[in-house]
Amino acid sequence: MGSNLLLTTFPAREELGKAVKVLDAIGAAYERIDPRPALSLVALPALVMSREVRGRLETAAPTIVFSGWVDYRFAGASMPDGAAPEGEGACFRQAAIMVLGPCVADETKIRLIAHLKGDLGPVLPYLNAVIPQASYSPTAEILTFMEGYRMIALYRHRITIAKADEIVDGWLTLERIRCLVEHTWAGRSQIEPSFEIRKRPPALEIFKRLPRTNCGRCGEPTCLAFAMRLWTGESSVGRCLPVFEEGGAASHLKEALIEICAGMGLTAVNQ
Ligand code: SF4
């Protein structure tokens, strides 16, 4: 298969099964990327196909649910050998990728939203204690941190990752988070939970992308206050009118703001 290919994942194994069946029935070419057993709690097989085959598949079976589509890129990272993880941990359990798409400001990277069977709520204060650069909002129950250039946000029942290289990198990142969560939870008797709200990134990362004029049109006295409210999920990025109104004086910042908010899982707010 050449370039110009698309990759998709599925929120559930049944949807993958339906897609494979239809592709085989219409005799379309595709490739399947199977995660190794070591990633079995965070990944389902992905499919790679041409745009033309995608069109035929969606026409033949319009009800199949895909996580999303991204340009296919060869995986730089290799998957680990080894057996599947032993049992599902209490906090994380299993992840299913519900949303997959390109990063808004960097289309060479991907973003994904994974829903969890487990509940990260109880482990977040412990993770806040062990991840030095994490930012935690106890009221919104969100923990955000950077892992290299990847932006990660942990919620009780979902995880968002922005700027992953490609799907295998996304799977590996999810698996690292899973291991960190379970390891931290298992060792919690030795950890002092932290409810500290650090005014470090990512709130500052949002702030850096705002107009920084402190005009007050968002209802906050300063851009920094607005960034903090955004990060805790208490405001909507669209309230920064200089960026989001038609012909706004700072509309050039729009993509970068959407990108950083998406990376923190703040896409649900009205933009
Ligand atoms: S509307 Fe935008 S530019 Fe004005 S204070 Fe709020 S965040 Fe800053």
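What counts and what doesn't
- Residue numbering note: each chain is counted from 1, following its sequence as written.
- For a predicted model such as this one, the threshold for reporting local features is a pLDDT of at least 70, and the threshold for listing and counting side-chain atom pairs is 80 or more; totals across whole chains, interfaces and linings nevertheless cover every residue.
- The way it works is that DSSP assigns letters per residue, a run of H or I at least four long becomes a helix, a run of E at least two long becomes a strand, and they are numbered from the N terminus.
- The size measure is the radius of gyration over C-alpha atoms, and the globule rule it meets is 2.2 Å times the number of residues to the 0.38 power.
- Counting other C-beta atoms within 10 Å of a residue's C-beta gives its exposure: the residue is buried at 20 or more, exposed at 12 or fewer, and partly exposed in between, where C-beta atoms are placed from the backbone.
- Helix span, as expected, comes to 1.5 Å for every residue beyond the first.
- Arc definition: directions from the helix axis to the C-beta atoms.
- By definition, residues are in contact whenever their C-beta atoms, placed on the basis of the backbone, come within 7 Å of each other.
- At least two bridges found by DSSP between two strands is the condition for calling them paired.
- Here an axis means a line fitted to C-alpha atoms, over the contact stretch when the element is a helix, while the angle between two N-to-C directions is reported on a 0 to 180 degree scale.
- Near, as applied to residues and a molecule or strand, means the residue's backbone-placed C-beta atom lies within 6 Å of it.
- In this count, Pro and Cys sit with the nonpolar residues alongside Ala, Val, Leu, Ile, Met, Phe, Trp and Tyr, while Asp, Glu, Lys and Arg are called charged and the others, Gly among them, polar.
- Delimitation of the domains relies on an automatic or database domain assignment.
- Put simply, a nonpolar core is a cluster of buried Ala, Val, Leu, Ile, Met, Phe, Trp, Tyr and Cys residues tied together by C-beta atoms within 7 Å.

### Looking at the overall build of the protein chain
No. 1: A count of helical and extended segments in the protein chain gives eight helices and ten strands.
No. 2: For 271 residues, the compact-globule formula gives about 18 Å, and the C-alpha radius of gyration of the protein chain, at 20 Å, lands near that figure.
No. 3: Principal-axis analysis of the C-alpha atoms places the extent of the protein chain at approximately 60 × 55 × 30 Å.
No. 4: Taking all 271 residues of the protein chain together, 37% fall into the buried category.

### Thoughts on helix 1 (residues 13–26)
No. 1: With 14 residues, helix 1 extends 20 Å from end C-alpha to end C-alpha; this agrees with the ideal 20 Å at 1.5 Å per step.
No. 2: Along helix 1, the residues that are buried comprise Leu16, Ala19 and Leu23. Angular distribution of buried residues about the axis of helix 1 spans 65°; they occupy a single face of the element. The exposed set on the far side of helix 1, more than 90 degrees from its buried face, consists of Glu14, Lys21, Asp24 and Ala25.
No. 3: Buried residues in helix 1 make contact with strand 3 (46–50) and helix 2 (51–60).
No. 4: Note on helix 1: the residue one or two positions beyond its end, Gly27, has a positive phi of about 65°.

### What about the sheet that holds strand 9 (residues 150–154)?
No. 1: The six strands lie next to each other as 5-6-10-9-8-7, forming an open sheet whose pairing is antiparallel. Edge strands, defined here as strands with exactly one partner in the open sheet, are strand 5 (95–102) and strand 7 (135–137). Geometrically, the sheet is characterised by an average inter-axis angle of 15° between neighbouring strands, direction not taken into account.
No. 2: Looking at chain direction, strand 5 and strand 6 (residues 110–116) are connected through seven bridges and run antiparallel. Bridge pairing in strand 6 links Pro102 to Ile110.
No. 3: Here helix 4 (residues 167–186) sits on the sheet and contacts strand 5, strand 6, strand 8 (142–147), strand 9 and strand 10 (158–164); the angle it forms with strand 10, its principal contact strand, is near 135°.

### What about the site of the ligand?
No. 1: Residues in contact with the ligand amount to 14 residues; listed here are only the nearest, Cys215, Cys218, Cys223, Phe226 and Cys240.
No. 2: Looking at the shell around the ligand, the elements with two or more residues in it are helix 6 (223–231) and helix 7 (241–244).
No. 3: Looking at side-chain class alone, the shell around the ligand contains nine nonpolar, three polar and two charged residues.

### Remarks on unusual backbone geometry
For residues other than glycine, phi is negative in most cases, and the peptide bonds are mostly trans.
No. 1: Positive phi values are uncommon outside glycine, yet Arg93 reaches one of about 60°.
No. 2: As for its placement among the helices and strands, Arg93 is situated in the loop between strand 4 (68–71) and strand 5.

### Some remarks on the sheet that holds strand 3
No. 1: Read from one edge to the other, the open sheet built from four strands follows the order 2-3-1-4, with strand pairing classed as antiparallel. Two strands bound the open sheet, and with one partner strand each, they are strand 2 (31–33) and strand 4. Averaged over all neighbouring strand pairs, the angle between strand axes comes to 30°, with direction disregarded.
No. 2: Bridging between strand 1 (residues 5–9) and strand 4 involves four bridges; their strand directions are antiparallel. Paired with Thr8 across the two strands is Trp69, which belongs to strand 4.

### A few points about the domain arrangement of the protein chain
No. 1: Split by domain assignment, the protein chain resolves into domain 1 (5–71), domain 2 (95–190) and domain 3 (203–263).
No. 2: On a C-alpha basis, the centroid separation for the pair domain 2 and domain 3 is 23 Å.

### Side note on the nonpolar core
No. 1: Counting residues in hydrophobic clusters, the biggest one holds 73 residues, and the most contacted among them are Leu154, Ile159 and Ala227.
No. 2: Top contributing element to this core by residue count: helix 4, with seven residues.
No. 3: Those residues in contact with Ala227 that lie beyond four places of it in its chain are Ala203, Ile206, Phe207 and Leu210.

### Some points on the environment of Asp169
No. 1: Within the element layout of this structure, Asp169 appears in helix 4.
No. 2: Residue class for Asp169 comes out partly exposed when judged on the 19 C-beta atoms lying within 10 Å of it.
No. 3: Through-space distance from the C-alpha of Asp169 to that of Gly76 is 8.0 Å; in sequence the pair is 93 residues apart.
No. 4: Excluding its chain neighbours within four sequence positions, the residues that come into contact with Asp169 are Ala77 and Ala164.

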